[in-house]
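# Structural characterization, general
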Amino acid sequence: MRARDRSSNRVPFQCRRCGECCHGAGGIYLQPEQVPAAAAELGLAPQEFAARYLLRRGEAWEVVCDGEGRCALLGPRGCRIHRAKPDICRQWPFFPAILRDPGAFAEAKLACPGIDPRASHEEFLHYYRQMQSEESEGK
Ligand code: SF4
Ligand code: SF4
């Protein structure tokens, strides 16, 4: 069961799969060892997947965007490589800066409709810690 804030019984974050965080060119990377699993999500060989969706950036691979700044891996029902999506996508909206800084949390609320606008930074942090502890207990 998903963590809830104890004081209000609210869930401070619940992804609505709106795809808003999948817009904006640049910054989405896969490490080379992550490419085969991502390719397998689409039933493609790694080389074919890289040719269609990735650009080499030094040691890593950057996921390309379409002409409107939408991640090329975003489909009508959300991320098409959900189970193998890049670390940064998995981590959002629990970025270190957002966990650390109430101002950054306020900005994240404006960007992400999955964050309950009534949730305080404290509630969000509490929820994150609960989630972490449930994950480490294998719940
Ligand atoms: S912007 Fe928020 S609610 Fe929308 S898909 Fe991203 S994480 Fe989910
Ligand atoms: S890889 Fe998936 S989760 Fe990440 S930006 Fe692209 S569509 Fe969104």
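What you are looking at is a predicted structure, and each value in this text was computed from that prediction instead of being measured.

Reading the values: the criteria
- Residues numbered from 1 in each chain as written.
- Chains lettered and ligands numbered in written order.
- Predicted model: local features only at pLDDT ≥ 70, side-chain atom pairs only at ≥ 80, totals over all residues.
- Helix = DSSP H or I, 4+ residues; strand = E, 2+ residues; numbered from the N terminus.
- Buried ≥ 20, exposed ≤ 12 C-beta atoms within 10 Å, placed from the backbone.
- Expected span 1.5 Å × (residues − 1).
- Arc of directions from axis to C-beta.
- Contact = placed C-beta atoms within 7 Å.
- Near = placed C-beta within 6 Å.
- Nonpolar A, V, L, I, M, F, W, Y, C, P; charged D, E, K, R; others polar.
- Domains from an automatic or database assignment.
- Pairing = 2+ DSSP bridges.

### Some thoughts on the environment of Glu48
Relative to the helices and strands, Glu48 is located in helix H2 (residues 46-53). Note on Glu48: 12 C-beta atoms within 10 Å, which makes it exposed. Each C-alpha atom, one on Glu48 and one on Leu99, is 37 Å from the other, the two residues being 51 residues apart in sequence.

### Some thoughts on helix H6 (residues 121-136)
Taking 1.5 Å of rise per residue, 16 residues should cover 22 Å, and H6 covers 23 Å from first to last C-alpha, within 8% of that figure. Those residues of H6 that sit buried are Glu123, Phe124 and Tyr127. Within H6, the buried residues cover an arc of 100° as seen down the axis, which keeps them to one side. Looking at H6, the residues exposed on the side facing more than 90 degrees away from the buried face are Arg129, Gln132, Ser133 and Ser136. For H6, the elements touching its buried residues are helix H5 (102-111). One or two steps after H6, the chain reaches Gly138, where phi turns positive at roughly 75°.

### Considerations on the site of ligand 2
In the vicinity of ligand 2, the contacting residues are Cys22, Ile28, Val63, Cys71, Leu73, Leu74, Cys79, Ile81, Lys85, Pro86 and Cys89. Within the shell around ligand 2, the residues separate by chemical class into ten nonpolar, no polar and one charged.

### Comments concerning the domain arrangement of the protein
For the protein, the assigned domains are domain 1 (20-85) and domain 2 (96-136). Spacing between the C-alpha centres of domain 1 and domain 2 amounts to 26 Å.

### Overview of the pairing of strand E3 (residues 60-63)
Only one face of E3 is covered, namely the one carrying Trp61 and Val63; the face carrying Ala60 and Glu62 has none of its residues buried. Bridge analysis of strand E1 (residues 29-30) against E3 gives two bridges, and the strand direction is antiparallel. Of the residues in E3, the one forming a bridge with Tyr29 is Glu62. In this structure, strand E2 (residues 54-57) lies alongside E3, joined through four bridges in antiparallel fashion. Paired with Leu54 across the bridge in E3 is Val63. Connecting E2 to the next strand, E3, in antiparallel fashion are two residues, including Gly58 with a positive phi near 60°.

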